Amino acid sequence: MKIMVIGGGGREHAIIRTLKKNPKVTEVYALPGNGGIAADAVCVDIGAKDIEAQVRFAVDNGVEFAVVAPDDPLVLGAVDALEAAGIPCFGPDKKAAIIEGSKVFSKGLMNKYNIPTAASAVFSSVVSAMEYVKTAPLPLVVKADGLALGKGVIIAQTRQEALAAVETIMLDKKFGASGDQVVIEEFLTGPEVSVLSFTDGKTVIPMVSSMDHKRAHDNDEGLNTGGMGAVAPNPYYTDEIAARCMEEIFKPTVAAMAKEGRPFRGCLYFGLMLTPNGPKVIEYNCRFGDPETQVVLPLMESDLLTAMIACREGTLDRADVRFSKGAACCVVVASEGYPESYEKGYEITIDDDAGVFVAGAKKSDDGRLLTNGGRVLGVTATADDLPAAVRRAYENVEKVHFANAFFRRDIGKRALEA
Ligand code: AMP
Ligand code: GLY
């Protein structure tokens, strides 16, 4: 079977490695992939947002199944275009991807169907947003409506900060049209849990839970990043909480999307906060998370391709989806300076690439692997339990070398303390 994966980060590398465990997978194309993914797939220089070129490539090359991994192409309708051209896809269509593409939509959905989330208000005028901010209880969370590379959320401790956040999003248009509307919501507290799930629009099967580490530096200090590491499972997510989330959040969300005429097929990501008043949704993503995927998929025992096909065909209730009882830890090795400015082009050497998922790297003309992004790679280890997985991941980090590398030393610490 010829498979095409759209995207080019550590998440896509993990998806490709996992798909390749199925012997039916004979060929994998990555669009665009990256210098490290090139070891596992044929990388094709077509960008993740170039939907027309993706469709042409898939048709011309006899692609039999496509996985659309990143948010941008999903929200832009890559699945609609590929399916219309006869290419079966894993991923939500445009109508369903709006669950991530518009926070105004997702808050509206949760309010309409009584799915627990932070209390919020929506504004499309700067004046009324600023008026609201002047009296609402602090701290406040100000969110751009649309996609913003994970950076459209500003937590304001003071009124001044909240006003500045509204200005940045709505007036300066830091995130472009994504800031035409803002959601302003109450600040919630409690441990955060990421739950990725498979769904075919009717049945929902959660994968093993995970914990992201979003801040750049140890002890959760420094700027927010795309994620500096992850562990799975998340120890805060007990069986009791999982059962509650299934009844109060997962099933109601999937049913609500179907009811709205937007059945969601693909990976639905629940970003949850376990507040003193129970689990609440912080955000939905219409895709696999990164780096969460780098710890979740290595724990998958059943076949990924089978689950993906079942999501598309509506047969998930009969599918075999299993995860191991073990644990995984992923430490992201980044370029010094990330998430702000950093240098690129340093040679990467890896003593043993087992468990290394490459995110930001390219091949030089003479075939060397060079750094080419902020998050360069993720080092994942699995083990019977979390302490062993964390230890092993850090041992393996020592096998990766490049100039100006930096990584957090405390991935998994919070989970181990839980
Ligand atoms: P998001 O991009 O929506 O995942 O938000 C980024 C991060 O902001 C989340 O992972 C949370 O840590 C934090 N966050 C978002 N919404 C809230 C909220 N209502 N209360 C507290 N923290 C929040
Ligand atoms: N790690 C968070 C995300 O993928 O959005």
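Conventions adopted
Residues numbered from 1 in each chain as written. Chains lettered and ligands numbered in written order. Predicted model: local features only at pLDDT ≥ 70, side-chain atom pairs only at ≥ 80, totals over all residues. Heavy atoms only, no water. Pairing = 2+ DSSP bridges. Helix = DSSP H or I, 4+ residues; strand = E, 2+ residues; numbered from the N terminus. Axes fitted to C-alpha atoms, helices over the stretch in contact; angles between N-to-C directions. Near = heavy atom within 4 Å. Polar contact = N/O pair within 3.5 Å; in protein donor to acceptor, adjacent residues only side chain to side chain. Areas by Shrake-Rupley, 256 points an atom, 1.4 Å probe, with all protein chains shown as cover. Nonpolar A, V, L, I, M, F, W, Y, C, P; charged D, E, K, R; others polar. Parallel < 35°, antiparallel > 145°, perpendicular 65-115°, else oblique. Left-handed = near helix turned anticlockwise from the far one by under 90°. Contact = heavy atoms within 4.5 Å. Core = buried A, V, L, I, M, F, W, Y, C linked by side-chain atoms within 4.5 Å. Buried < 20%, exposed > 50% of the residue type's maximum accessible area, 1.4 Å probe, protein only. Disulfide = S-S within 2.5 Å. Salt bridge = Lys/Arg side-chain N within 4 Å of Asp/Glu carboxyl O.

With that settled, the discussion passes to the sheet that holds strand β7 (residues 140–144). Taken together, the four strands give an open sheet; going across it, the order is β6-β9-β7-β8, and neighbouring strands pair in antiparallel fashion. On the outer flanks of this sheet lie β6 (120–123) and β8 (153–156), each paired with one strand and no other. On average, adjacent strands in this sheet sit at an angle of 20 degrees to one another, irrespective of strand direction. Sheet analysis places β7 next to β8, joined by four bridges and oriented antiparallel. The residue of β8 that forms the bridge with Leu140 is Ala156.

Surrounding ligand 1, one finds 15 residues, the nearest of these being Glu185, Glu186, Leu188, Glu192 and Glu283. Within the backbone of Leu188, an N or O atom sits 2.8 Å from a nitrogen atom of ligand 1. Glu283 places a polar side-chain atom, nitrogen or oxygen, 2.8 Å from an oxygen atom of ligand 1. Here ligand 1, which alone exposes 470 Å², has 91% of that area covered by the protein. For the shell around ligand 1, the class distribution of residues is eight nonpolar, no polar and seven charged.

Relative orientation of the contacting elements helix α7 (residues 126–133) and helix α8 (residues 159–171) amounts to 165 degrees, with a least axis distance of 9 Å. With respect to α8, the element α7 is oriented roughly antiparallel. Crossing of α7 over α8 shows right-handed handedness. Contacts from Val126, Ala129, Met130 and Val133 in α7 reach Arg159, Ala162, Leu163, Val166, Glu167, Met170 and Leu171 in α8. For the contact of α7 with α8, the per-class residue count stands at nine nonpolar, no polar and two charged.

Further remarks concern unusual backbone geometry. With omega at 15 degrees, the peptide bond leading from Asp290 into Pro291 counts as cis. Tracing the backbone through its elements, the reader meets Pro291 in the loop between β17 (278–285) and α10 (292–296). With an omega of 10 degrees, the peptide bond running from Tyr338 to Pro339 counts as cis. Secondary-structure assignment places Pro339 in the loop between β18 (327–335) and β19 (349–350). The backbone of Asn114 sits at a positive phi, close to 55 degrees, despite the residue not being glycine. Within the fold, Asn114 resides in the loop between α6 (103–112) and β6.

To continue, consider the nonpolar core. Ranked by internal contacts, the top residues of the largest apolar core, which has 46 residues, are Met4, Leu82, Ile99, Phe250 and Leu272. The leading source of residues in this core is helix α9 (residues 239–259), at seven residues. Beyond its immediate chain neighbours, meaning those up to four positions away, Leu82 contacts Met4, Ile6, Gln54, Val55, Ala58, Ala66, Val68, Ile87 and Cys89.

Taking burial as the measure, the five residues of strand β9 (residues 182–186) include four buried ones, the bulk of the element. Across four bridges, the pairing between β6 and β9 is antiparallel. Residue pairing for β9: Ser120 is matched across the bridge by Glu185. The pairing of β7 with β9 spans five bridges and is antiparallel. In the sheet register, Val141 faces β9, and the bridge partner there is Glu185.

Looking now at the state of the cysteines. By definition, a disulfide links two cysteine residues through a covalent bond between their sulfur atoms. Enumeration according to the criterion identifies zero disulfides in this entry. With no disulfide of its own, Cys43 lies closest to Cys89 among cysteine sulfurs, the gap being 19 Å. The thiol of Cys311 is unpaired, and the distance to the nearest cysteine sulfur, on Cys267, comes to 8.4 Å.

Sheet topology places strand β1 (residues 2–7) next to strand β2 (residues 27–32); six bridges connect them, and they run parallel. When the bridges of β2 are listed, Gly7 appears paired with Pro32. When β2 meets strand β3 (residues 42–43), the two strands line up parallel, connected through two bridges. What sits directly across from Tyr29, in β3, is Val42.

Our focus in this paragraph is the pattern of salt bridges. Inspection of the entire model under this criterion finds 26 salt bridges. When the shortest N-O distance is used, the salt bridge between Glu301 and Arg322 registers 3.9 Å. One end of the pair, Glu301, is in the loop between α10 and α11 (304–313); the other, Arg322, is in the loop between α11 and β18, and 21 residues separate them in sequence. The exposure class of Arg322 is partly exposed, given its relative accessible area of 40%. A salt bridge links Asp410 to Arg408, with the shortest nitrogen-to-oxygen separation between them at 2.9 Å. Pair check on accessibility: Asp410 and Arg408 agree, each one buried. Ionic contacts of the salt-bridge type, sharing partners, join the residues Asp220, Arg408, Asp410 and Arg414 into one network.

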